[in-house]
Amino acid sequence: MVLKDLSLKLQYRTDADNLVSEFFIPCLSNSIEYDRSVQYITLKSISTLSLGLQNFAENDGKIRIITGDRYSTKDLDILGKIFNKKNGAFSFSSIHGYKLDILQKLVQKNKIQIKIAIPRSEHVDGSFSERIGIFRDEQGEMVAYTGTSNETFNTENRNFESIDVFTSWNDRPRVDIKIADFEKLWSNETKYVQVYDFTYAYQNNLLKYDSGWAIETLS
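Residues numbered from 1 in each chain as written. Predicted model: local features only at pLDDT ≥ 70, side-chain atom pairs only at ≥ 80, totals over all residues. Heavy atoms only, no water.

Draft legend 1. Structural detail: the packing of helix α3 (residues 73-83) against helix α4 (residues 97-108). Interhelical geometry of α3 versus α4 gives an angle of 45° and a closest axis separation of 9 Å. It follows from the interaxial angle that α3 and α4 lie oblique. For the pair α3 and α4, the crossing hand works out as right-handed. Packed against α3, whose contacting residues are Ile-78, Leu-79, Lys-81, Ile-82 and Phe-83, the element α4 presents Leu-100, Leu-103, Gln-104 and Val-107 at the interface. Residue classes in the contact of α3 with α4 are distributed as seven nonpolar, one polar and one charged. (Axes fitted to C-alpha atoms, helices over the stretch in contact; angles between N-to-C directions. Helix = DSSP H or I, 4+ residues; strand = E, 2+ residues; numbered from the N terminus. Parallel < 35°, antiparallel > 145°, perpendicular 65-115°, else oblique. Left-handed = near helix turned anticlockwise from the far one by under 90°. Contact = heavy atoms within 4.5 Å. Nonpolar A, V, L, I, M, F, W, Y, C, P; charged D, E, K, R; others polar.)

Have a look at this one:
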């Protein structure tokens, strides 16, 4: 099955739909690429995506994430080690080591890439919080969506939220706009925001510890 074969709605909303089972999992399972910009992301969410990537085409699967600069202390410490390729592989001995090993291997193969967006303008007084998602399948069809801060649509999420969905076969102009917005961010060509590779941001102390932001443990 490919994305075009899915029965997708124009909107998914908590009161009427299950965002995980009805939208996110079907799209991710039938994609070979996934782009995401979101306000924050956790080690748990990245690890969950890394397991989903195992279902992608072996040679083509790729996930690109653009996120803000705040992380829990534990998450930032582990992600810093995973993305520090100069030191080679890092051994994880915890009960969650299997997920982290998979994540580390995918990072080393550039299958999962993360960039950090930090507002750098008097016109932006808060944090980076743009919420865009784009799925691509092996036939070149795409599904874009906007909304939700729940970066993996985790089943434990209890937020009331909605997303708007656009497909390349029914609304190509809107999909192209979302793709262009993401690519400009990825290439650091967006006004008011400076975008850095995760490793650079980590090594240059641009990332912030914040225990108040979505502290999660792997499960």
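Here the narrative resumes, following the displayed structure.
Draft legend 2. Molecular detail of the nonpolar core. With 40 residues, the main nonpolar core has Phe-23, Tyr-71, Phe-135 and Phe-198 as its most contacted residues. Judged by nonpolar contacts, the second largest core, of 15 residues, contains Ile-132, Ala-144, Phe-182 and Leu-185. (Core = buried A, V, L, I, M, F, W, Y, C linked by side-chain atoms within 4.5 Å. Buried < 20%, exposed > 50% of the residue type's maximum accessible area, 1.4 Å probe, protein only.)

Draft legend 3. Representation of the environment of Val-195 within the structure. By the element assignment, Val-195 lies in strand β9 (residues 193-197). As for Val-195 and Ile-118, which are separated by 77 residues in sequence, their C-alpha atoms are 6.4 Å apart. Residues contacting Val-195, with those up to four places away along its chain left out, are Lys-115, Ile-116, Ala-117, Leu-185 and Asn-188.

Draft legend 4. Focus on the pairing of strand β3 (residues 62-67). Taken across its six residues, β3 has five buried, putting it largely inside the fold. Both strand β2 (residues 33-38) and β3 contribute to a ladder of six bridges, which runs parallel. Paired with Asp-35 across the two strands is Arg-64, which belongs to β3. Bridge count for β3 against strand β5 (residues 112-119) is five bridges, and the pairing is parallel. Residue pairing in the sheet places Thr-67 in a bridge with Ile-116 of β5. (Pairing = 2+ DSSP bridges.)

Draft legend 5. View of the pairing of strand β6 (residues 132-136). Counting buried residues along β6, five of its five residues qualify, which places the element largely inside the surrounding structure. In β6, alternate side chains face the same way, and those of Ile-132, Ile-134 and Arg-136 on one face and Gly-133 and Phe-135 on the other are all buried. Across five bridges, the pairing between β2 and β6 is antiparallel. When the bridges of β6 are listed, Asp-35 appears paired with Ile-134. Alignment of β6 against strand β7 (residues 142-146), held across five bridges, turns out to be antiparallel. Opposite Arg-136, over in β7, you have Met-142 as the bridge partner. Taken together, β6 and the strand that follows it, β7, pair antiparallel across an intervening segment of five residues, in which Gly-140 is found at a positive phi of about 90°.

Draft legend 6. Region of the structure containing the sheet that holds β2. Taken in spatial order, the eight strands make up an open sheet running β1-β8-β7-β6-β2-β3-β5-β9, and their pairing is mixed. Edge positions in the open sheet fall to β1 (11-13) and β9, since each of these has one partner strand only. When strand polarity is set aside, the average angle formed by the axes of neighbouring strands in this sheet is 15°. Sheet topology places β5 next to β9; five bridges connect them, and they run antiparallel. Its bridge partner being in β9, Pro-119 is matched across the sheet by Val-193.

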